[in-house]
Amino acid sequence: MEKEETKTILITGGAGYIGSHAVKRFLEDGYRVVLFDNFSKGHKEVVDILAKYGELRVAEGDLSDIDSLKNAFEGEDIKTVIHLAAPCIVDESMKKPAYYFKKNVDGTLNLLEVMKDFGADKIIFSSTCAVYGDSQYLPVDEDHPTVPLSVYAEAKLMAEKKIYWYNQVHNINYIILRFFNACGASTTGVIGDSKKPSSLLMPNAVRGAMGIEPFSLTFSEVDTPDKSPIRDFIDIEDLVDAIVHSINYLKTHNRSDVFNIGSGAGYSVHEIINTIEKILNTKIEKNIGEIRQGEIAIMYAKTNKMENVLGWKPKKTLEESIQSLIEWYKNKPNGYDY
């Protein structure tokens with residue numbers, strides 16, 4: 001009888017936005033989770049919340065520090081890593097290219113080396129739809145040309161290539177998930193996003209509608225019906241469910257692959273704002289902030305592959321994602337305390 005695979009999993013960036021929701025889900029599913037984070041962007045308060053859901057070990061460390069990575073693996077039987085740790089602000093990446101290459105490329109290489117040394121042979125990698133650059137056709141599928149337009153996107157693509165070669169040379173199987181725009185919070189509002197400042201439209205607009213802080217428009221006009229960019233928004237709990245499906249796929253298939261993770265639908269900035277105003281029965285006062293240049297006009301995912309191969313499709317509606325954010329900000333209007 002084949003030995004059942006260990007139920008211990010390592011999640012890098014586990015105290016961040018996507019990471020904390022992933023940790024919560026895997027703890028609820030009965031996994032022992034090793035949460036690896038340097039807490040530069042993640043929040044220590046969320047660790048106290050997550051510890052209530054199951055067996056959690058926190059390994060504080062940085063991807064640039066090999067010894068701290070080794071410490072995370074020491075004494076554990078870890079076969080699978082969910083790699084979510086990454087700085088991810090496009091504008092910042094253009095000002096600090098060395099920082100983004102060090103963290104997102106060199107850090108991934110360090111992780112792969114330690115995985116190899118400790119016998120971990122599966123990795124789920126958090127990549128981004130930004131690797132595609134301007135959409136040359138719609139909807140965007142996984143075969144779309146990759147033409148990164150930022151250091152952040154280039155660094156993610158370089159990390160993808162390192163993962164591919166560690167599969168070829170060291171048999172570390174992978175699923176690369178190219179996330180579109182994550183949104184929402186846990187359904188009950190227990191955990192959510194606490195970035196300050198945030199570059200994300202939906203939480204900023206919800207905070208503006210709830211009177212928590214002023215809201216500013218930052219997009220440049222593009223060639224769409226209402227002149228605002230159109231994006232694919234995927235709920236955070238649906239996104240984590242895609243990670244679960246990815247791990248199940250790796251356990252049953254000796255095959256690595258790349259998947260877009262999105263809703264398959266596009267919503268403009270103005271459509272998002274109008275929906276939030278309708279749900280909260282209010283009008284958002286719209287200031288004009290620092291305009292981001294070079295906006296891609298339209299980007300949304302083709303979802304056939306993730307549905308046909310992973311057997312996964314998103315379940316939550318845009319309205320449900322917005323409602324979860326409202327519950328989160330009712331619970332934590334200013335985010336985590338420290």
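The structure displayed is predicted, hence computed values, not measured ones.

1. What to know about the nonpolar core
Across soluble globular proteins, you tend to see nonpolar side chains buried next to one another.
Link 1 in the chain: Ranked by size, the top nonpolar core spans 64 residues in total, and within it Phe-26 and Ile-243 carry the most contacts.
Link 2 in the chain: With nine residues, the top contributor of residues to this core is helix 8 (residues 236-252).
Link 3 in the chain: Phe-26 has contacts with Ile-9, Ile-11, Tyr-31, Val-33, Ile-82, Ile-243, Val-244 and Ile-247, leaving out every residue within four places of it along the chain.
Link 4 in the chain: Within the second largest apolar cluster, 25 residues are counted, among which are Leu-10, Phe-36, Ile-78 and Leu-112.

2. What to know about the packing of aromatic side chains
Link 1 in the chain: A full pass over the atoms with the stated rule returns eight aromatic pairs.
Link 2 in the chain: Ring geometry for Tyr-249 and Phe-259: centres 6.4 Å apart, planes at 80°, overall edge-to-face. With a gap of ten residues between them, Tyr-249 in helix 8 and Phe-259 in strand 11 (residues 257-261) connect regions that are remote in the sequence. Accessibility classification places Tyr-249 together with Phe-259 in one group, the buried group.
Link 3 in the chain: A centroid spacing of 5.1 Å and a plane angle of 55° characterise the contact between Trp-328 and Tyr-336, whose relative ring orientation is tilted.
Link 4 in the chain: In this structure Trp-328 comes out as buried when scored by relative accessible area, which is 0%.

3. Focus: a nonpolar patch on the surface
Link 1 in the chain: A grouping of Tyr-164, Trp-165 and Val-169 is seen on the molecular surface, where their side chains present a nonpolar patch of about 330 Å² in accessible area.
Link 2 in the chain: Here Trp-165 shows up in helix 6 (residues 151-170).
Link 3 in the chain: Classification of Trp-165 as exposed rests on a relative accessible area of 51%.

4. Some points on the sheet that holds strand 2 (residues 32-37)
Link 1 in the chain: Across the sheet, which stays open at both edges, the seven strands sit in the order 3-2-1-4-5-6-11 with parallel pairing between neighbours. Looking at strand neighbours, the two that pair on one side only are strand 3 (56-60) and strand 11, the edges of this open sheet. Taking each pair of neighbouring strands and ignoring which way they run, the sheet shows an average axis angle of 20°.
Link 2 in the chain: Bridge count between strand 1 (residues 8-12) and strand 4 (residues 80-83): four bridges; the pairing is parallel. By the bridge assignment for strand 4, Ile-9 is matched with Thr-80.
Link 3 in the chain: With respect to the sheet, helix 8 is in contact with strand 1, strand 4, strand 5 (122-128), strand 6 (173-179) and strand 11, its orientation differing from that of strand 6 by roughly 160°.

5. Details of helix 9 (residues 269-280)
Link 1 in the chain: Counted at 1.5 Å a residue, the expected span for helix 9 with its twelve residues is 16 Å, and the 17 Å between its end C-alpha atoms agrees.
Link 2 in the chain: Of all the residues in helix 9, the buried ones are Val-269, Ile-272, Ile-273, Thr-275, Ile-276 and Glu-277.
Link 3 in the chain: The elements touched by buried residues of helix 9 are helix 7 (201-209), strand 8 (215-219), strand 10 (233-235), strand 12 (267-268), strand 13 (286-292) and helix 11 (318-331).
Link 4 in the chain: Asn-281 sits one or two positions beyond helix 9 and adopts a positive phi of about 50°.

6. Considerations on the sheet that holds strand 14 (residues 298-299)
Link 1 in the chain: Read across the open sheet, the three strands follow the order 12-9-14; overall the sheet is mixed. Among the strands making up the open sheet, the edge pair consists of strand 12 and strand 14.
Link 2 in the chain: Sheet topology note: the strand 9 (residues 230-231)/strand 14 ladder contains two bridges and is parallel. Bridged to Ile-230 within strand 14 is Ile-298.

7. Points about the environment of Phe-180
Link 1 in the chain: Relative to the helices and strands, Phe-180 is located in the loop between strand 6 and strand 7 (181-183).
Link 2 in the chain: Once residues within four sequence positions are removed from consideration, Phe-180 is found in contact with Cys-129, Tyr-132, Asp-232, Ile-234, Asn-260, Ile-261, Gly-262, Met-299, Tyr-300 and Ala-301.

8. Re the pattern of salt bridges
Link 1 in the chain: Summed over all chains, the structure comprises 22 salt bridges.
Link 2 in the chain: Residue Glu-76 is joined to Arg-57 by a salt bridge in which the shortest nitrogen-to-oxygen separation is 3.1 Å. Of this pair, Glu-76 sits in the loop between helix 3 (66-73) and strand 4 while Arg-57 sits in strand 3, and the two are 19 residues apart along the sequence. Arg-57 shares its class with Glu-76; the two are buried.
Link 3 in the chain: Notably, a salt bridge pairs Glu-277 with Lys-286, separated by 3.1 Å at the nearest N-O pair.
Link 4 in the chain: Taking relative accessible area as the criterion, Glu-277 reaches 6% and is therefore assigned buried.
Link 5 in the chain: Where salt bridges share partners, they join Arg-32, Glu-55, Arg-57 and Glu-76 into one cluster.

What counts and how
Residues numbered from 1 in each chain as written. Predicted model: local features only at pLDDT ≥ 70, side-chain atom pairs only at ≥ 80, totals over all residues. Heavy atoms only, no water. Core = buried A, V, L, I, M, F, W, Y, C linked by side-chain atoms within 4.5 Å. Buried < 20%, exposed > 50% of the residue type's maximum accessible area, 1.4 Å probe, protein only. Helix = DSSP H or I, 4+ residues; strand = E, 2+ residues; numbered from the N terminus. Contact = heavy atoms within 4.5 Å. Phe/Tyr/Trp six-rings, centres within 6.5 Å; stacked < 30°, edge-to-face > 60°. Patch = residues over 30% accessible without salt bridge, like charges linked within 9 Å, V, L, I, M, F, W, Y side chains within 5 Å. Areas by Shrake-Rupley, 256 points an atom, 1.4 Å probe, with all protein chains shown as cover. Salt bridge = Lys/Arg side-chain N within 4 Å of Asp/Glu carboxyl O. Pairing = 2+ DSSP bridges. Axes fitted to C-alpha atoms, helices over the stretch in contact; angles between N-to-C directions. Expected span 1.5 Å × (residues − 1).

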